[in-house]
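Here is how the chains run, residue by residue.
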Amino acid sequence: MDCEHYEVEIEKRAHGALSPETSAALDHHVADCPSCRAFVTTVQELGKAMHANTTHGISNVDWSRLERGFSAMTANYRQAVPRIAVAALPMIALITWASSPGERLLTGLLSAAVVVTILVVGVVVRRRTDAKLAAVAGQRAEFVAAYRAELEVTIRRLRHARVYLPAFGALWLAIGVSQLIAGKAAVTSAFWIGIGVLLLVQAIVAYRQLGHRLRERAELG
Amino acid sequence: MARTPALDPAVEAELLAELDRGKRDAVFETLFRAMRERVFAVCLNVTANRSDAEDATQETFVSAYRALPAFRGEARLSTWIYRIAIRAALRVKARPQTEPLHDEPIAPGNPNPGEVREQREQILVGLASLSAEHRIVLALFAVDGLSHRDIAETLGIPEGTVWSRLHLARKRLAGVLSDHRDVKL
């Protein structure tokens, strides 16, 4: 009797891939074949044991640890665009403020240089972070240590931002308001005021982010 | 095990559309939540080590996040993730081995916790003794929602080969485990 063939059919049936007709023929064979009856039990017991092992493994995974790692990675990607926008806006204001074509050209070139520098720095930082994450991704202790180190850097940056963002925001705002009072072009004044408000909003965001990061650091211990 | 799809084809199509709109983070989050347990199951049965499986799961999703913008829907999203998971698990498995975890809790009310733990550890030891090819096919069959067609597509082999490979893998695993008294097979 070709039991090898029936054994494969037993496997197929266990995974719901056998037609009812073939299944009935298989039942006929299994009823008369002690070896195949034993194989049916083996397939069932092995399936149960593997299922129990997998379920137990899943129930013990620390998903929050993985999620923290992914949040750090995605945040790094997400922050690139707002950073460029914040850097570019003051430059646009400077171009608008410039009174002669020569000054506009100079400030335009300066603006382009600053934006390109920010873009390049952003790409370099992102690649460095990616490489760091990839290097430690397979080693849990190292991943947590690297994540903690990144967290310390972020906290330091946010503490600095909490000081300089409101200071610059207030400065741009003051310039804008003073220009408005002095009767300069409303568009230019609006730009300065807009940037001042934007920086103040950024300061609030940085302040809230700092709170989140400090709580995260406390959770990590 | 119940065979329910991890990601409904309609959901996958929606995710691809989101990806085209540049919503990578949202797609990644959905993918992670929908697939994380299945990916872990594959990684656990391929690495035969719980700690390595966690690392491989992490590597899988880091790789997937980076590669998502280049995904053009040539395969199903879930098939694509399983392929990444298998590669990640094999990479982790190839590294110097970490110690298996011994301090895991046993569900309360279990009449014989020592026996249950012993059985789980023997399954992992049995899996570790198989070839990568056999571990992979057993790992994919151990995942909810994967049909033999999905497995054939994931591995890039004919369906007939999937069945014969599964049969050999299961017989070898049963052979290894039958040497251990405590595993009833």
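Residue indices follow the written sequence of each chain, beginning from 1 at its first position. Numbering of ligands from 1 and lettering of chains from A proceed in the order in which they are written. Whole-chain, interface and lining totals are the exception, using all residues; otherwise, since this is a predicted model, local features are given only for residues with pLDDT of at least 70 and side-chain atom pairs are given and counted only at 80 or more. Only hydrogens and water are set aside; all other atoms, that is, all heavy atoms of the structure, feed into the side-chain values.

(A) View of the packing of aromatic side chains. Each Phe, Tyr or Trp ring (for Trp, its six-membered ring) is paired with any other whose centre lies within 6.5 Å, and the angle between the two planes then decides the class: stacked below 30 degrees, edge-to-face above 60, tilted in between. All told, the structure shown has 8 aromatic pairs over all chains when counted by the stated rule. Measuring from centroid to centroid gives 5.4 Å for B:Phe141 and B:Trp163, while their planes differ by 40°, and the two rings are tilted. You can see B:Phe141 sitting in helix 6 (residues 132–141) and its partner B:Trp163 sitting in helix 8 (residues 159–178), a full 22 residues away along the chain. Like B:Trp163, B:Phe141 is buried. Every member of this aromatic cluster is reached through a ring pair, and the members are A:Trp63, B:Phe28, B:Phe32, B:Phe40, B:Phe61 and B:Tyr65. The positively charged end of B:Arg24 is found above the aromatic ring belonging to B:Tyr65, 4.2 Å away from the centroid. Helix and strand assignments follow DSSP, with helices taken as H or I runs no shorter than four residues and strands as E runs no shorter than two, numbered in order from the N terminus. For the exposure calls, accessible area comes from a 1.4 Å probe over protein chains only, and a residue counts as buried if that area is under 20% of its type's maximum, exposed if over 50%, partly exposed in between. Throughout this description, the term charge over a ring refers to an Arg CZ or Lys NZ atom that lies within 6 Å of the ring centre and within 35 degrees of the ring normal.

(B) Inspection of helix 1 (residues 3–14) of chain A at higher detail. Residue and element names in this part refer to chain A. For a helix, the expected span equals 1.5 Å multiplied by the number of residues minus one. Taking 1.5 Å per residue as the helical rise, helix 1 with its 12 residues ought to reach 16 Å, and the 16 Å between its terminal C-alpha atoms agrees with that figure. When we look at burial in helix 1, the residues that qualify are Cys-3, Glu-7, Val-8, Glu-9, Ile-10 and Glu-11. Gly-16 sits one or two residues past helix 1 and shows a positive phi near 65°.

(C) Summary view of the packing of helix 2 (residues 24–47) of chain B against helix 6 of chain B. Residues and elements named next belong to chain B. To obtain an axis, a line is fitted to C-alpha atoms, over the contacting stretch when the element is a helix, and the angle between two such axes runs from 0 to 180 degrees between their N-to-C directions. Following both chains from N to C, one finds helix 2 and helix 6 inclined at 150°, their axes separated by 8 Å at the closest point. With respect to each other, helix 2 and helix 6 are oriented roughly antiparallel. Where helix 2 crosses over helix 6, the two elements pack in a sense that is right-handed. Each of Val-42, Asn-45 and Val-46 in helix 2 lies in contact with helix 6, whose residues at this interface are Arg-135, Ile-136, Ala-139 and Leu-140. Note on angle classes: values under 35 degrees are labelled roughly parallel, values over 145 roughly antiparallel, values of 65 to 115 roughly perpendicular, and the remainder oblique. Left-handed is the label given to a crossing in which the near helix is rotated counterclockwise from the far helix by less than a right angle, and right-handed is the label when the rotation is clockwise. The contact criterion used throughout is that any non-hydrogen atoms of two residues lie within 4.5 Å.

(D) View of the state of the cysteines. All names here are of chain A. Only a pair of cysteine sulfur atoms within 2.5 Å qualifies as a disulfide here. Per the counting criterion, the structure on display carries 0 disulfides over all chains. A disulfide-free cysteine, Cys-33 has its sulfur positioned 3.6 Å from the sulfur of Cys-3, the nearest such atom. On the basis of relative accessible area, Cys-33 is assigned to the buried category, the value being 6%.

(E) Local environment of the environment of B:Leu177. Residues and elements named next belong to chain B. Looking at where Leu-177 falls in the secondary structure, it is placed in helix 8. Taking relative accessible area as the criterion, Leu-177 reaches 0% and is therefore assigned buried. When the C-alpha atoms of Leu-177 and Gln-122 are compared, they prove to be 7.0 Å apart, with 55 residues separating the residues in sequence.

(F) Representation of the interface of chain B and chain A. Counting residues at the interface gives 46 residues for chain B, matched by 41 residues for chain A. Accessible area that two parts lose when put together, with a 1.4 Å probe and added across both, is what the buried area reports. Both sides of the chain B and chain A interface together cover about 4300 Å² of buried area, and 65% of this is carbon and sulfur. We define a salt bridge as a contact between a side-chain nitrogen of Lys or Arg and a carboxyl oxygen of Asp or Glu at a distance within 4 Å. Run the count over chain B and chain A and you get 2 salt bridges. For the salt bridge of B:Lys171 with A:Glu7, the shortest nitrogen-to-oxygen distance reads 3.0 Å. N or O atoms closer than or at 3.5 Å make up a polar contact, with two conditions inside protein: a donor-capable atom paired with an acceptor-capable one, and, for residues adjacent in sequence, both atoms drawn from side chains. On the surface where chain B and chain A come into contact, there are 7 residue pairs in polar contact (both at pLDDT 80 or more).

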